[in-house]
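# Coordinate analysis (summary)
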Amino acid sequence: MDTNEYSPLFETRKGRGRLLYRLFATSIFIAISFIWFYRFTHIISQQEEDGRKWVWLGLLASELWYGFYWILTQALRWNLVFRQPFKDRLSQRYEHMLPAVDIFVCTADPEIEPPIMVINTVLSVMAYDYPTEKLSVYLSDDGGSEITLYALLEASEFAKHWLPFCKKFKVEPRSPAAYFNTIIDSNIENELAAIKKLYIEMESRIENATKLKRVPKEARLKHRGFSQWDSYSSRRDHDTILQILLHHKKDPNNSKDVDGFILPTLVYLAREKRPQYHHNFKAGAMNSLLRVSSIISNGKVILNVDCDMYSNNSESIRDALCFFMDEKKGHEIAYVQSPQIFENVTKNDLYGSALLAISEVEFHGADGFGGPMYIGTGCFHKRESLCGMKFNDEYRHDWKSEDDLFKEENLEEIEEKSKGLASCSYEENTQWGKEMGLKYGCPVEDVITGLSIQSNGWKSVYYNPPRKAFLGVAPTSLLQVLIQHKRWSEGDFQIMFSKYSPAWYAFGKISFGLQMGYCSYCLWPLNCLATLYYSIIPSLCLLKGIPLFPKVSSLWFIPFAYVIIGETIYSLLEFLFCGGTFKGWWNELRIWLYKRTTSYLYAFSDTVLKLFGFSNSVFIITNKVSEEEVSKRHDNEIMEFGTSSPMFTILATLALFNLFCFLNVLKDAVLRGGDFGEYEKIGLQIILCGFLVLINVPLYQGIFLRKDSGKLPSSLGMKSTILALSLVLSFSYV
């Protein structure tokens, strides 16, 4: 193309208010420096007062950590950029040569991830606004369940009606369940009733099979694919099960919709599993899909989505291609990451599941330094970069060329050959999991894979459109949230000590700002130590009136007040700017505290134990099914406990401990009085303790007031009360 006529396929805009934010951040850093200086210069004066030296040193260490970690997070707010693709230009220039796209959907457990949810995701990506002959959808079933195959067969039949319906009426979203739940009024009542009837019938058959845990006899006789379960031992011990359900060259008549148009290729894969082989979780499943798809469809672009993240925007593929196919900058881009958004988040985001700061701010900041991390779902990849190719500025992808994979071999032969690519032994003595495909050895394989791709010289792009590309399901109970964050943070923390650590592996390969951004996520668990210290020691010292901060009238109080007030106001404004509510911000603060005192504590402990050879990480799938009562309480924004857990014991004990300390201060104030000067010395500690009491109100309700099944168990409440009282009384009498 003539450079004089060049018009980019996307534009990049810098975030507004950058100068103002940088001035604010600089002022906060100056205040933090004064706090550090205060702690350092007052250590000696504390040595002879009540033996406070070690308490003081603990506060110094905590504040040094908080300051250092705050500096790391600034990289994600320093240089925000926003992207805008131009799909009309893409259509004008490339409509006749759009590349083939392979879509990977991953599921692992039919009980935790119901088949009806999985096929709704599959149907939503089959219905993209894209030439169907260039779309191939692969379902990786790591649960090896014939029920999942049965559900996919049902979906392949329903797709013959659903895709024409979506095309004719420009349906959004294109997950049937989501569409039927969101539509309020319609001027297509007859067509809508007909397609909804077909869906309900399909849903009923799938749910009956799921409940009975067996495939209907007529379906088993009709489709030969179920015979592959004849030699099936268990979900961890079976041969490769591969079925090409739809392909225009396999069965031209069966692979067309009711209007006579070709349907996307649809493939089911349950890779081989054997007890003696480590299967490497989702990374292993994705690598099997990479190899199998390379000889079935070989799409140049790969989209991977989790089975609970359905497509919410039918033009997402075209959005991503605007970045990949741009003539000047597209060759640099390895992947386009979409935000992870959840549709079942309550109005005030009870569990902080929306992760607004990450999706609306921090990933835009990472994009300004070379691109966001790969988060494992909702991501479009170039096949070549995902398979380990290093970036070369001279290289230009030839989007015009298309390989015909079926010139010499028929589809049955390819199907048989593909099974070998998904065998347990295929990867032995190869670079798969090391230099090729997704990386092994970490619970968050997606993050180290993205870091490795960026370290190979590629850039990534974060695209966060007004109509979100994908919507998923967030946990609906506090324990599920804490377990999920324990897994995420533990995986990230392990990266910090692995060969893929952003501190050294990526040094000199990616920008320093992006290194800092990665480190801020990888160091999540270390926040537990400073948070626990600040949650216990200042309140404990209140019991004897021991001051740990400058008195209110002192000049040294100013930097403490400025950091607290400044960061509080900024975080609130940022949250509101991202579309949240005041109550949602307060809920996020609460979850911030809960994660750091439980999820991160467990992640930190497990990682340390693993480093010394005492523990092995286990991949935990978050349950996507919730009971009706739990769902109702979640919708009403009532926090769900309902079970005993060591995590809840920690939370309840800390909450009660701070309550007892705060009540003790109030008691002394009422009974003994005291002048202002006495309370001025411990003013900041009283405020901190009062904040911890106020933010823990849902815990007090769960222990003392609630009667429903979602409350904290009485035995846990009793145990936590005894622990908290023991800590208070033992210190009071020392």
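Anyway, here's the lowdown on the structure attached to this text. This is a predicted model, so every value here is computed, not measured.

Definitions and limits used
Residues numbered from 1 in each chain as written. Predicted model: local features only at pLDDT ≥ 70, side-chain atom pairs only at ≥ 80, totals over all residues. Heavy atoms only, no water. Pairing = 2+ DSSP bridges. Helix = DSSP H or I, 4+ residues; strand = E, 2+ residues; numbered from the N terminus. Axes fitted to C-alpha atoms, helices over the stretch in contact; angles between N-to-C directions. Core = buried A, V, L, I, M, F, W, Y, C linked by side-chain atoms within 4.5 Å. Buried < 20%, exposed > 50% of the residue type's maximum accessible area, 1.4 Å probe, protein only. Patch = residues over 30% accessible without salt bridge, like charges linked within 9 Å, V, L, I, M, F, W, Y side chains within 5 Å. Areas by Shrake-Rupley, 256 points an atom, 1.4 Å probe, with all protein chains shown as cover. Salt bridge = Lys/Arg side-chain N within 4 Å of Asp/Glu carboxyl O. Polar contact = N/O pair within 3.5 Å; in protein donor to acceptor, adjacent residues only side chain to side chain. Contact = heavy atoms within 4.5 Å.

### Digging into the sheet that holds strand β6 (residues 265-270)
Strand order in the open sheet made by the eight strands is β5-β6-β4-β3-β7-β11-β9-β12, with mixed pairing throughout. Edge positions in the sheet fall to β5 (241-246) and β12 (459-462), since each of these pairs with one other strand and no more. Each strand of the sheet is rotated relative to its neighbour by a mean of 20 degrees, with strand direction disregarded. The pairing of β5 with β6 spans five bridges and is antiparallel. Note that in β6 the partner of Ile241 across the bridge is Ala270.

### Concerning the nonpolar core
In terms of nonpolar packing, the biggest core is built from 77 residues, with Trp162 and Phe324 touching the most fellow members. The biggest single contributor to this core is helix α6 (residues 146-169), with 13 residues. By size, the runner-up hydrophobic cluster in this structure holds 75 residues, among which are Trp585, Trp586, Tyr594 and Ile682.

### What about a nonpolar patch on the surface?
Among the surface-exposed residues, Ile564, Ile565, Ile569, Leu573, Leu576 and Phe582 lie close enough to one another that they form a single nonpolar patch of about 580 Å² accessible area. At five residues, helix α19 (residues 557-577) tops the list of elements feeding residues into the nonpolar patch. Mapped onto the fold, Ile569 is located in helix α19. Note on Ile569: relative accessible area 47%, which makes it partly exposed.

### Side note on the side chain of Asn120
Tracing the backbone shows Asn120 in helix α5 (residues 115-126). Within the structure, the side chain of Asn120 is placed 3.3 Å from the side chain of Ser175, a separation counted as a polar contact. A polar side-chain atom of Asn120 sits 2.9 Å from a polar atom in the side chain of Tyr199. Leave out the neighbours within four places in its chain, and Asn120 touches Ser175, Pro176, Ala177, Tyr199 and Tyr310.

### Regarding the sheet that holds strand β8 (residues 310-311)
Read across the open sheet, the three strands follow the order β8-β13-β10; overall the sheet is mixed. The two strands at the open ends of the sheet, each matched to only one other strand, are β8 and β10 (341-342). Of the pairings in the sheet, the one linking β8 to strand β13 (residues 470-472) comprises two bridges and is antiparallel in character. Bridge pairing in β13 places Ser311 opposite Phe470.

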